[in-house]
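A closer look at the structure
Given next are the chains, with one letter for each unit.
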Amino acid sequence: MNFMKTIVAAGLVAASTSAFAADITGAGATFPFPIYSKWADAYKKETGNGLNYQSIGSGGGIKQIQAKTVTFGATDMPLKAEQLEKDGLVQWPMVMGAIVPVVNLEGVKPGELVFDGATLADVYLGKITKWDDPAIKKLNPNVKLPSEAITVVRRSDGSGTTFNFTDYLSKVSAEWKTKVGSGTAVEWPTGVGAKGNEGVSGNIGQTKNSIGYVEYAYAKQNKLTYAALVNKAGKTVQPTVASFQAAASNADWAKAPGYYVILTDQPGEQSWPVTASTFILMQKEPTDKAASAEAIKFFKWAFASGGKMAEELDYIPMPEAVVKLIEKTWSADIKS
């Protein structure tokens, strides 16, 4: 059974059983879908309680929790404190991961191709259109690059993965920041749109000479060829749990209102430049208090028992000190 079928099956198992307990429904980010599905499956086996999570993109998750149609929303673009206040929402980070450039180039192995931020931005600006462009060749003198057009793949839906990717490009390219900027959806200068990390992964897998960006678990499980990146310190780094943790180690969660922290382009010689957190959004005054209490039980269980499962999919669990802060937030801010 391939990866996508496995995680979809996990989601369906959880969904089909949720009616037997308080109905926990969630929707949003595709970035954490692999780990949320894995947790849902394990939680169902352990407690008998199900979780129905729809992987629809961060934009959809924010809209659904604002409309109060789900127990929780999930987003990789955190909302600012004033927005949370306006919408009566509580937000916290659930798990951290990373976004990687992925390519489909014959004869190129995972981690062999190197990009720096400026070159990656120029590819997505449509300024670099061929694989053997001098800028790419300069970074990859020993890689055999074809004289073929680059097929650029990007997200078509409102996406937190896009928010973090475009936030990174805005930090490393003044032209990107001025012309395109960052957001869950942007006016892309070029490229073919695909829905979800699932859609981009599928598109890259099927399209020769393509480039895209996906959450690392999707690259790994779909055996996609990821690229290395030159980080803020000028070092070439591979996407590994150690390089993700190096970037995450700079986060000062305790001082961030609404846990609003962006982990792109962090300092440090080992830091992976497109590291990101994924967040949960819940109503301060839940419409369905029983479902809300059930969801908190699930999240508490995931923090306590889900760390190893997260690491197996190359996500980074939240540090224990941050989990303690989050648990205080639940009791202070969510009315049960």
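A few points on the structure. (Residues numbered from 1 in each chain as written. Predicted model: local features only at pLDDT ≥ 70, side-chain atom pairs only at ≥ 80, totals over all residues. Heavy atoms only, no water.)

**Quick look at the nonpolar core**
- Trp-39, Trp-92, Leu-113, Phe-115 and Phe-299 are the most contacted members of the largest nonpolar core, which totals 94 residues.
- Here this core takes ten residues from strand E4 (residues 89-104), the largest share from any one element.
- Discounting chain neighbours no more than four positions away, the residues touching Trp-92 are Tyr-259, Thr-278, Phe-279, Ile-280, Met-282, Ile-296, Phe-299, Phe-303, Ile-326, Trp-330 and Ile-334.
- Grouped together as the second largest cluster of nonpolar side chains are eleven residues, Ala-27, Ile-62, Leu-84 and Leu-89 included. (Core = buried A, V, L, I, M, F, W, Y, C linked by side-chain atoms within 4.5 Å. Buried < 20%, exposed > 50% of the residue type's maximum accessible area, 1.4 Å probe, protein only. Helix = DSSP H or I, 4+ residues; strand = E, 2+ residues; numbered from the N terminus. Contact = heavy atoms within 4.5 Å.)

**Describing the side chain of Ser-277**
- In this fold, Ser-277 is placed in strand E12 (residues 275-283).
- Assessed through its relative accessible area of 2%, Ser-277 is described here as buried.
- Leaving out residues up to four positions away in the same chain, Ser-277 has contacts with Asp-76, Pro-93, Val-95, Met-96, Trp-253 and Leu-263.

**Comments concerning the environment of Thr-30**
- The residue Thr-30 is located in the loop between strand E1 (24-28) and helix H2 (33-47) in this model.
- Residues Thr-30 and Gln-54, spaced 24 residues apart in sequence, show a C-alpha to C-alpha distance of 8.6 Å.
- Not counting the four nearest positions on each side in its chain, Thr-30 is found in contact with Ser-55, Ile-56, Gly-57, Arg-155, Gly-196, Asn-197, Glu-198 and Tyr-218.

**Let's talk about the pairing of E12**
- The buried count for E12 comes to nine of nine residues, which makes it a mostly enclosed element.
- Of the two faces of E12, the one lined by Thr-275, Ser-277, Phe-279, Leu-281 and Gln-283 and the one lined by Ala-276, Thr-278, Ile-280 and Met-282 are each fully buried.
- Pairing of strand E3 (residues 72-75) with E12 involves three bridges; the strand directions are antiparallel. Looking at the pairing, Thr-75 lines up with Phe-279 of E12.
- Bridge count between E4 and E12: nine bridges; the pairing is antiparallel. For Val-90, the partnering residue across the bridge sits in E12 and is Met-282. (Pairing = 2+ DSSP bridges.)

**Let's talk about the pattern of salt bridges**
- In the structure shown here, the tally under the stated rule is 16 salt bridges.
- A salt bridge links Glu-285 to Lys-335; the shortest N-O distance between them is 3.3 Å. Of this pair, Glu-285 sits in the loop between E12 and helix H12 (289-305) while Lys-335 sits in the segment after helix H14 (320-333), and the two are 50 residues apart along the sequence.
- Across the pair Glu-320 and Lys-324 runs a salt bridge, and its minimum N-O distance is 3.6 Å. Highlighted residues: Glu-320 and Lys-324, both in helix H14, separated by four residues, approximately one helical turn. The residues Glu-320 and Lys-324 share a single accessibility class, namely exposed. (Salt bridge = Lys/Arg side-chain N within 4 Å of Asp/Glu carboxyl O.)

**As for the packing of aromatic side chains**
- Summed over all chains, the structure comprises 24 aromatic pairs.
- For the pair Phe-165 and Tyr-213, a centre-to-centre distance of 4.2 Å together with 5° between the ring planes defines the contact as stacked. Note that Phe-165 is positioned in helix H7 (residues 160-172) and Tyr-213 in strand E8 (residues 210-215), a separation of 48 residues in sequence.
- You can call Tyr-213 buried: its relative accessible area is 1%.
- Here the aromatic residues Phe-33, Tyr-36, Trp-39, Tyr-43, Tyr-53, Phe-72, Trp-92, Phe-298, Phe-299, Trp-301, Phe-303 and Trp-330 are joined through ring pairs into a cluster of three or more. (Phe/Tyr/Trp six-rings, centres within 6.5 Å; stacked < 30°, edge-to-face > 60°.)

**Describing H14**
- In a regular helix each residue adds 1.5 Å, so 14 residues correspond to 20 Å; H14 covers 20 Å between its end C-alpha atoms and thus fits that length.
- Those residues of H14 that are buried are in contact with E4 and H12. (Expected span 1.5 Å × (residues − 1).)

**Re the pairing of E8**
- Of all six residues making up E8, six are buried, and the element is well covered by its neighbours.
- Across six bridges, the pairing between E4 and E8 is antiparallel. Looking at the pairing, Asn-104 lines up with Ser-210 of E8.
- The pairing of strand E6 (residues 151-155) with E8 spans two bridges and is parallel. Paired with Val-152 across the two strands is Ile-211, which belongs to E8.

**Observations regarding the sheet that holds strand E11 (residues 236-237)**
- Ordered in space as E5-E10-E11, the three strands form an open sheet in which the pairing is mixed. Each having just a single partner strand, strand E5 (114-115) and E11 make up the two edges of the open sheet.
- Of the pairings in the sheet, the one linking E5 to strand E10 (residues 228-230) comprises two bridges and is parallel in character. Bridged to Val-114 within E10 is Ala-228.

**Structural notes on helix H5 (residues 117-125)**
- Most of H5 is tucked away, with seven of its nine residues classed as buried.
- Where H5 is concerned, the buried positions are Gly-117, Thr-119, Leu-120, Ala-121, Val-123, Tyr-124 and Leu-125.
- Following H5 by one or two positions, Gly-126 has its phi on the positive side, about 85°.

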